[in-house]
Amino acid sequence: MGENSGIAWTTHTWNPWIGCTKVSPGCDACYAEAYDARFGGKHWGSGAPRLRTTIQNWNKLKKWNRAARKSGVRPWVFVASLADIFDNEVDPEWRRDALAEMSECDALNFQIVTKRIGNAFKMLPSHWALSFAHCGLVATVVTQKECDRDLPKLLEIKRKYGVAWVGLSIEPQLERIIPKNGDGLDWIITAGESDQGGALGREYRVGWAFDLIAWGETHGVAIFVKQLGSFFARNANFKDRAGADPAEWWPPSLRVRQMPCGVPTTLKIA
Ligand code: SF4
């Protein structure tokens, strides 16, 4: 659940609950399910109850928010690494509670990552633009087909609800993906798969990252190359098993780690 995250594109991860159902080839080796199972949990799959996290965990948001106000630096907060905020099997009241907390903690830059972006149409509150200006939505897509299906929905949600910024998380990237439309898209993360959930990471090609970097330059979209994945790392004999250390081999043109353009990272201290 992470006080500070090891993920290069965020500062903290926050999970209001744990549990989910697999909905994509990107879920095949879900690390969250493996994490849950390690602690004896049974919160995965259709019909499995989700586990609301402790009040202490929920209170972390207010703690980080106070720290941000004091320091003047807005941290990034990844919601949710062990669940999906738009899971239609979770108690709607939990989602309402989580969104209320997030709305209140407006010194934090929330990165809401989902594989169910279509559900956002019915699950986002109508006052989103007013109360959630510090929150961005990120849709995970792992194939060209998923990108073609979900990017139009993401852009439509941005327009309809006035979402501050939107992104695509292409992790694990399973093939070459080129978005068909960049109008309104603010950010793309690309990453190869880690060995996780008891499975070996699937193939990732550096050319896919270069294609996205070039596409981002042309379309004015920020690109974050997170990691080359364990398949690549094994073949290249990297020390970092996820291929996430740019100091290992990465040519300078691959070391592209941009954050969504125009999102403020500092605060005025009152
Ligand atoms: S959506 Fe995320 S948390 Fe849910 S099963 Fe897929 S990979 Fe796991």
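Residues numbered from 1 in each chain as written. Predicted model: local features only at pLDDT ≥ 70, side-chain atom pairs only at ≥ 80, totals over all residues. Heavy atoms only, no water.

Describe the packing of aromatic side chains, with residues and values.
Counted under the stated rule, the structure contains eleven aromatic pairs. When the centroid spacing of 5.3 Å and the interplanar angle of 80° are considered together, the rings of W14 and W58 count as edge-to-face. Here W14, found in strand 1 (residues 12–14), pairs with W58, found in helix 2 (residues 55–71); they are 44 residues apart in sequence, far enough to count as distant. Residue W14 shares its accessibility class with W58, and that shared class is buried. One aromatic cluster in this structure is built from W9, W76, F78, W165 and W187. Here R52 stacks its cationic end above the ring of W58, 4.1 Å away from the centre of that ring. (Phe/Tyr/Trp six-rings, centres within 6.5 Å; stacked < 30°, edge-to-face > 60°. Helix = DSSP H or I, 4+ residues; strand = E, 2+ residues; numbered from the N terminus. Buried < 20%, exposed > 50% of the residue type's maximum accessible area, 1.4 Å probe, protein only. Lys NZ or Arg CZ within 6 Å of the ring centre and 35° of its normal.)

Please provide a residue-by-residue account of the sheet that holds strand 1, values included.
The seven strands lie next to each other as 1-4-5-6-7-8-9, forming an open sheet whose pairing is parallel. A strand with exactly one partner marks an edge of an open sheet, and here the two such strands are strand 1 and strand 9 (222–227). Averaged over neighbouring strand pairs, the angle between their axes works out to 25° when direction is ignored. Inspection of the sheet shows strand 1 paired to strand 4 (residues 76–79) by three bridges, in the parallel sense. (Pairing = 2+ DSSP bridges. Axes fitted to C-alpha atoms, helices over the stretch in contact; angles between N-to-C directions.)

Tell me about the layout of surface pockets, residues and numbers included.
Considering only enclosed or pocket space, the largest pocket measures out at about 710 Å³ in volume. Put simply, the parts of the chain that give the lining of the largest pocket at least two residues each are helix 1 (31–38), strand 5 (109–114) and strand 9. Of the residues in the lining of the largest pocket, the class split is 17 nonpolar, ten polar and eight charged. (1 Å grid on protein atoms, 1.4 Å probe; cavity = no way out; pocket = protein on both sides within 12 Å on 5 of 7 lines; lining within 4 Å. Points joined across faces, edges and corners; volume = space filled by probe spheres on them. Nonpolar A, V, L, I, M, F, W, Y, C, P; charged D, E, K, R; others polar.)

Describe in detail the pattern of salt bridges, supporting the description with residues and values.
Oppositely charged side chains are able to pair whenever their charged atoms sit close together. Scanning the entire structure with this criterion turns up 18 salt bridges. One salt bridge connects R52 with D97, and the closest N-O pair in it is separated by 2.9 Å. Of the two residues, R52 sits in strand 3 (residues 51–52) while D97 sits in helix 3 (residues 92–104), which places them 45 residues apart along the sequence. On the basis of relative accessible area, R52 is assigned to the partly exposed category, the value being 32%. Taking the relative accessible area as the measure of exposure, D97 reaches 27% and is therefore partly exposed. The residue E171 makes a salt bridge to K226 at a minimum N-O spacing of 2.7 Å. (Salt bridge = Lys/Arg side-chain N within 4 Å of Asp/Glu carboxyl O.)

Now, about the environment of Y204: what can you tell me, with residues and values included?
With respect to the helices and strands, the residue Y204 is situated in the loop between strand 8 (187–191) and helix 7 (206–219). Here the alpha-carbon distance between Y204 and I85, two residues 119 residues apart in the chain, equals 27 Å. Not counting the four nearest positions on each side in its chain, Y204 is found in contact with Q173, T190, A191, G192, A209, Q227, L228, F231 and F232. Engagement of the side chain of Y204 in a polar contact is seen with the side chain of T190, the distance being 2.7 Å. (Contact = heavy atoms within 4.5 Å. Polar contact = N/O pair within 3.5 Å; in protein donor to acceptor, adjacent residues only side chain to side chain.)

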